[in-house]
Amino acid sequence: MEANKTDKKSSWLKSGWWLILLIAAGIAAPHVISEFYLLILGEALIMSLFALSFNLLFGHMGQLPFGQAAFYGLGGYGIAMLMTKFQLNFWLSFLAGIGLAALAGLIIGIFCVRLRGIYFSILTLAFGQLIFVIIYKWHDFTGGDDGIQGVFPPEFLKTPISYYYFVLLVFCIAAFILWRITNSPFGYILKAMRENSERTEFLGIPIARYQLTAFVISAAFAGLAGALWAPFYRSVAPSTLMWIKSGEPVMATILGGAGLFFGPVLGTFIITFFHAYILGFTHFWPIIMGTLILIVIFFLPGGILGFIKEKLDNRKKRDRQS
Amino acid sequence: MLAVFVFIFTMIFAPVMAQAGAPAAKAAVKAAAKDPIRLGAIWDYAGPCYMLSESAVQGIKIAVDEINAKGGIMGRKIDLIVRDTEMKVDVGARETKDLILREKVNFLIGPCSSGVALAVQVVHAESKVLRITCMANTEGQVVDKFTPYVAQVVPNTYMEAVAATRFMNKKYPAAKKFCTIAPDYEYGRREEAAFAEEIKKLVPDSEILYQAWPKPGEKDFTSFITAIMAQKPDAVHSSLFGGDLVAFTKQAAPYGFFEKIPFIALYDLPVFIALGADAPEGIMAFGRGCFFMDPNPKMMEFVDKYRKARGAYPDSWAVQAYDSVYLIKAAVEKAKSSDTEKVITAMEGITLDSLRGKFTIRPLDHMGSVPCYQGIIAKDPNYPFKVWKDIVRVPGDQVWRSEEGVKEVWKKTGVTR
Amino acid sequence: MSFDVIFNQFLSGIARGALLFLVASGLSLTFGVLRVLNFAHGSLYMLGAFLSYSIWKWLLIPVYGFYVATILSALVIAGIGLLIEYTILRRLYARGWPEQLLATYALILIITDIVKWFWGGEFLSIPRPEPFTKAVFLFGFPFPSYNFFIIILGLVLVFFLWWLVYKTRLGDIIRAAAHDRDMVSALGIPIPWLFTSIFVLGAFIAGLSGAVTAPYGAIALGMDIEIIVECFAVVVIGGMGSLPGTLLGSFIVGQVYSFGIMYKPELALAFIFMVMAIVLVIRPWGIFGRPER
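Residues numbered from 1 in each chain as written. Chains lettered and ligands numbered in written order. Predicted model: local features only at pLDDT ≥ 70, side-chain atom pairs only at ≥ 80, totals over all residues.

### Describing the pairing of strand 1 (residues 135–138) of chain C
This is how the line gets drawn: For two strands to be treated as a pair, DSSP must find at least two bridges joining them. Strands here mean DSSP runs of E at least two residues long; helices mean DSSP runs of H or I at least four residues long; both are numbered from the N terminus.
Pairing geometry for strand 1 of chain C and strand 2 (residues 141–144) of chain C, over four bridges, is antiparallel. Within the sheet, the bridge partner assigned to Phe137(C) lies in strand 2 of chain C and is Pro142(C).

What follows is the structure, given as structure tokens:
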């Protein structure tokens, strides 16, 4: 019967079999696709992590940070500088990169969480640009516009396949952690703050503290993505910290859908593969991306996943009513 | 709903499956001997590099078409694949990987931006693919971060600055107090450092009073101009170029800058075309090989070809890119193979009869002894733009770092060769 | 440092500030009334510059060619502003400001490629128009007369906007709408029409300032990103949506840059962001801004 069919479908979805399928696909990938597309896949995973970190603040908390690239970049610079300048080993540098990003998130967050709405966005943009300018100009210390080259992962991770598996593993763990965070009491409070922050405050929740914690977590995961990136192509450069880069997770999230956890991941995958594909034909990528964003804003307000979810919900409603 | 999901899944991975080359887990297949030689052009189609990249790629295309018309290199045609880095380091690294892994290029030429070049270098060096650099000229490529997988046919920052400094010193031997103005990034800093080193050698009691560091892409130089003029220097050395130099020239002129202060900068064709009548005559200029700097028969032939193909005059970028392709041809023919290691060995010490005269690739650091040009800006009735007169052509081996000098830098940066 | 040197730097700072004010005023106006931070304002500025070059080249009128091209270019950009507002922004007023922000961000990408498509990557240049080709002498120093032209234009714009906002009925409506949009609408004033007019005016200002900048320096790709970042600094420091604030912000940014160049040229850019961050931390709405409701 109709009702049973829909229920079965949504419970199939809920039970997460599709997730296991995707992970299996991820593990099988190197044996099926070419090395180049494996690299793109790795890139997509890293950028998805970046987008997920952004969506913690946007989708779940309801704020639009425009300076996330600074944390992403600090993660990358952290690992790059510790490894090349101070000869620290890969694993410690990796963790230190994340720590650096989290620390910056704490310092900047203290100032930013006092603001809401567009002022929050602009302050995050300003701080992001400030960090960019410092790294760009302090060329004696950071290598300036040259960036830092020669960031190599340990021997057993040097081949594209092994590093890909590393990225896949870190992505799964990190995404899982983020998912648990959003579905924890902490995450629910963030959602409450998004819906009605005044009321939440009246309930006795210290908003600023929760916002700051979310900000630091978001920065840490952005830094994690950056720390994964640096050894991937063996170098970092200041351009990864510009505010234009901060726009990438925003666009990916809007495309995929901010309302669902995997929205940013879907959006990132689509953009990354599409971008790599298009660059083979033309360098007029920005206009394609811009038009795509406008189309999504107008016709798919909840992003692709939001659109699908709506259709699903409507179908369920119709079935219930029939 | 499931259908929708599967649809999306396939949409993402369809291009992947469709384009699946050899699965990554299997070994690569060796290219057959009569296969075309694949040339990857990696350039930056953004910001100030857009126009330079277009020019360079045009120069490459003309060279490739010429060579293919004559049967290719050792009977093998050249396939040209062009990729855009968007002047971003991460995109540059990825597109280089694309060229190497998917397009399986034998050689690379490019890019424009020195920063992108360094990142690209790490990638192709690891994959053991040879790149000719004909525009990004930071010394970092062949000196500091040397790898045998790079060869340079554009004068590096040291050579260019030394040659320009000597030219300026000859014209103004009494000048002791200097200012500099250069874009604040790798290229500008290196050129000014080389200038400072060289001028101290030529004029031991010289002083650099003030160094202006506008950001690349600066549109408003007024404050820098007034700061420089306040110092009342005897001469000013500049590595400004392109749009920055155009803006600077226009803004400095009303201050009487060019009447009061001897000045030298990278005044080449694109700047002359943009400035038109605003180009300051009598001012010193340096450059890398635009046609009016070296109007030899080969060059003028190239000018005709370029004008036919593009309807414009070729600038130094097109010239150097053209030379790069011919360098690859010469090295492959000498090695009788397109195998990278053999080509590199053949290339070391090779002499190319290029559009800019003869130059040799120094075996130690793969630096070409390419000429540096200087001159004075002047009108020419043959052209709708200003050009140079009193041209000086300095062969690269008169101004490059000596082998000892290079080895000294290598000791500091940890290069072992 | 002698007086003349300092005075000279001060004047350069004024010129730079005037240029910034020309551009930033449009951004501030749009934000003040529409509450939309138009990321694409810099793109319209760049488009105005390129367009004015092409019109100027095509017209080939000696002496007046530049002025005609400037006005025409500004009008075309205003038209484009009309198109943008009507087709895109208007439908997004009901949605949140994030969508509006993202739409303007998408426009940056689109307009950049349009400029790339039509004008390629070449950098272009217009010579300074008569009678502003030489320098005037102040206290014995040469000061380019074109810089004076820009300063005077800036002052004219200040007075025009001040008159518009404080002395006309339209201005009353504008200020009321900035305060309380719904009330104004309830009073029977067609808000959509008002918003469109303001946006078009902002676009006109963007196009005009782009065209005016053309003879000043070079017209090149990347102008849009560069100018929008400095505009943000200006409106943040001065106060978004406040005319005196934008004036003050332009002045401050111009002087910080000018004197920063004299003392530590490499950090001049960083100084501006530091000031911006400090202002945002102490007084997020800017010096003359009003706290958001």
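### Some remarks on the confidence of the model for chain C
Rules: As a per-residue measure, pLDDT reflects the predictor's confidence and takes values from 0 up to 100.
Here chain C averages 87 in pLDDT, and 99% of its residues register 70 or above. Interface predicted TM-score (ipTM) for the complex: 0.84; the corresponding pTM is 0.86.

### Some words on the sheet that holds strand 13 (residues 372–378) of chain B
Residues and elements named next belong to chain B. Applicable threshold: Every axis in this analysis is a line fitted to C-alpha atoms, fitted for helices over the stretch in contact. Angles between the N-to-C directions lie between 0 and 180 degrees. Think of it this way: build a C-beta for each residue from its backbone, and any pair within 7 Å is a contact.
If you trace the seven strands from one edge of the open sheet to the other, you get 7-6-8-9-10-13-14, paired in mixed fashion. Edge positions in the open sheet fall to strand 7 (207–212) and strand 14 (387–394), since each of these has one partner strand only. Strand after strand, the sheet turns through a mean of 20 degrees between neighbouring axes, direction not considered. Sheet topology places strand 8 (residues 235–238) next to strand 9 (residues 263–265); two bridges connect them, and they run parallel. The residue bridging Val236 from the neighbouring strand is Phe263, located in strand 9. Strands in contact with helix 6 (residues 186–202) are strand 6 (177–181), strand 7 and strand 8; relative to strand 6, the strand with the most contacts, it is inclined by about 165 degrees.

### Some words on the packing of helix 5 (residues 145–167) of chain C against helix 6 (residues 169–179) of chain C
Residue and element names in this part refer to chain C. Heads up, the rule is: Throughout, the term roughly parallel applies to angles under 35 degrees, roughly antiparallel to angles over 145, roughly perpendicular to angles from 65 to 115, and oblique to all others. Under the scheme applied, nonpolar residues are Ala, Val, Leu, Ile, Met, Phe, Trp, Tyr, Cys and Pro; charged residues are Asp, Glu, Lys and Arg; polar residues are all the others, including Gly.
Axis separation between helix 5 and helix 6 bottoms out at 5 Å; the angle between their running directions is 75 degrees. Considering their axes alone, helix 5 and helix 6 lie roughly perpendicular with respect to each other. Across the interface between the two elements, Leu164, Val165, Tyr166 and Lys167 from helix 5 touch Leu170, Gly171, Ile174 and Arg175 from helix 6. Grouping the constituent residues of the contact of helix 5 with helix 6 by class yields five nonpolar, one polar and two charged.

### Section: the interface of chain C and chain A
On the side of chain A, 28 residues touch chain C, which itself brings 31 residues to the contact. For the side of chain C that touches chain A, the secondary structure elements donating two or more residues are helix 4 (97–119), helix 9 (223–238) and helix 11 (268–282) of chain C. Per element, the largest residue contribution to the side of chain C that touches chain A is 13 residues, and it comes from helix 4 of chain C. Residues belonging to the side of chain C that touches chain A are distributed by class as follows: 25 nonpolar, one polar and five charged.

### What to know about unusual backbone geometry
Here is the rule we go by: Each residue is classified by how many other C-beta atoms fall within 10 Å of its C-beta atom, where C-beta atoms are placed from the backbone; a count of 20 or more means buried, 12 or fewer means exposed, and values in between mean partly exposed.
With an omega of -15 degrees, the peptide bond running from Gly110(B) to Pro111(B) counts as cis. Residue placement: Pro111(B) occurs in the loop between strand 3 (107–109) and helix 4 (114–126). Unusually for a residue other than glycine, Gln87(A) sits at a positive phi of about 55 degrees. Along the chain, Gln87(A) falls in the loop between helix 4 (68–84) and helix 5 (90–112). Using a count of 8 C-beta atoms within 10 Å as the deciding quantity, one classes Gln87(A) as exposed.

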